[in-house]
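Structural description and commentary
Letter by letter, the chains look like this.
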Amino acid sequence: MTIPVDRTANTRIDASAIADGKMTNVPSDHMFIAEYANKEWRKARVQPYRAIPLAPFALGLHYAQAVFEGMKAYRLENSSVAVFRIQSHFQRFNRSLERMEMPPVPEDLFYSAINTFVDADRDWVPPGPESAFYIRPLMFASEERMGLKSSDEFLFIVVGGPFRPLYSKPLRVKVERKYSRAAPGGTGSAKCAGNYAAAMYPTQRAREEGYDQVIWTDAASHTRIEESGTMNVAFIEDKSFVKSQNTEPVIVTPALSDTILDGITRSSVITLARDSGIKVEERSITVSDLQQGLESGTIREVFGIGTAASLAPIGTVSIDGIEHSLSYNENSIVYLLRKRLNDVRYGRSEDLYGWMNEIGVVEV
Ligand SMILES: *Cc1c(COP(=O)(O)O)cnc(C)c1O
């Protein structure tokens, strides 16, 4: 599918700042936009990044029929640009859309949108070691209508910009025992706007108490660990120093359910870990398992996993007001896994799984 490109006459790019990773978290020059009405997609185009007109009665603003994705394009060692796991993001986008009673985006439209947009702004893709170009596909109900209904009109937009994760110090998190992010039968496994709105109040209360984010627990009993903020969560359990046991370190992460977002970084880390001989257990882990593991020292590492932060070590876990701390060094498994993942993303190791989708390559 060929998408027309209306290039900006006023680029905002500062190439040397991008190369130094200094121009970050700003929208790039262009955006993709397409309109859905009368059951069809039309006017797909790449145009200069700008505000879009929207009716105050646009349904999405009132009833949160809105879905997004978060993915990244990387500048490879050979200077080409490639998007990480576009197919998985495409599939998850459509699963989220279905849950929100929104029409699917055809595969050709999604791939062409990402490819044409990122190709137009390829000079905005920063080089490694940690920087990348964040891509935000977004779709929401744009029909102007008084009264509640499922919209018949939508906008599909793709925007993005250079991004560098802030690896400051390990995070401080609090296990949330009152509020919930997701409930069984709800929308927790969809990347829909409303989930994030509902998380803001408890997250902000945790910030006021000095934490970076909360660890979500199950809505019914608040005893099982689910996610960490807007990331999946994993633990390194290592019983090898307990005399009676002679085990290798194991990665433990909550098994997927309809209250856990099926993270593409999580699934990538599981694949890379298993293929490098590290055992991974996807299972239920309770707050008291976590507490005992932290007290006895069998849980050595706790980390968040997601596109934005990649793998982010957690240094403090507060459980019912008691803080447990963890320390990390260059031998920590979290850093080993992050390196393995980055080696694929920046083209330093072979793309064994077909995860990298090169931009600007015309298929024949
Ligand atoms: C996006 C997201 C994740 C991480 O998913 P990735 O595909 O790895 O970026 C985890 N949890 C929630 C709630 C999310 O929104």
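Let me sum up the structure you'll find in this document.

General note: in soluble globular proteins, nonpolar side chains tend to be found buried as a group. Of all hydrophobic cores here, the largest spans 47 residues; its most connected members are Leu-290, Val-302, Val-317 and Leu-337. Both domain 1 (15-164 + 348-358) and domain 2 (171-328) contribute no fewer than three residues apiece to this core. Apart from the residues lying within four places of it in its own chain, the contact partners of Val-302 are Val-233, Ala-234, Phe-235, Leu-294, Ala-312, Pro-313, Ile-314, Val-317, Leu-326 and Tyr-328. Judged by nonpolar contacts, the second largest core, of 41 residues, contains Ala-44, Ala-73, Phe-110 and Ala-190.

Next up on the list: the environment of Arg-136. Structurally, Arg-136 is set in strand E6 (residues 132-141). A residue is classified by how much of its surface remains accessible, and Arg-136, at 27% relative accessible area, is partly exposed. Taking the C-alpha atoms as reference points, Arg-136 and Gly-70, separated by 66 residues in sequence, lie 5.0 Å from one another. When residues no more than four places from it in sequence are discounted, the contact partners of Arg-136 are Phe-68, Glu-69, Ile-157, Val-158 and Val-159. In this structure the side chain of Arg-136 is engaged in a polar contact, spanning 2.9 Å, whose partner is the backbone oxygen of Glu-69.

Okay, the layout of surface pockets next. Reported here for the largest pocket is a volume of approximately 1400 Å³. Taken together, 47 residues make up the lining of the largest pocket; nearest its centre are Gln-213, Thr-230, Met-231, Ala-308 and Ala-309. Take the lining of the largest pocket: its biggest share by element is seven residues, from helix H5 (residues 193-208). Looking at the lining of the largest pocket, you find at least three residues from each of domain 1 (15-164 + 348-358) and domain 2 (171-328).

Cut-off values and rules
Residues numbered from 1 in each chain as written. Predicted model: local features only at pLDDT ≥ 70, side-chain atom pairs only at ≥ 80, totals over all residues. Heavy atoms only, no water. Core = buried A, V, L, I, M, F, W, Y, C linked by side-chain atoms within 4.5 Å. Buried < 20%, exposed > 50% of the residue type's maximum accessible area, 1.4 Å probe, protein only. Domains from an automatic or database assignment. Contact = heavy atoms within 4.5 Å. Helix = DSSP H or I, 4+ residues; strand = E, 2+ residues; numbered from the N terminus. Polar contact = N/O pair within 3.5 Å; in protein donor to acceptor, adjacent residues only side chain to side chain. 1 Å grid on protein atoms, 1.4 Å probe; cavity = no way out; pocket = protein on both sides within 12 Å on 5 of 7 lines; lining within 4 Å. Points joined across faces, edges and corners; volume = space filled by probe spheres on them.

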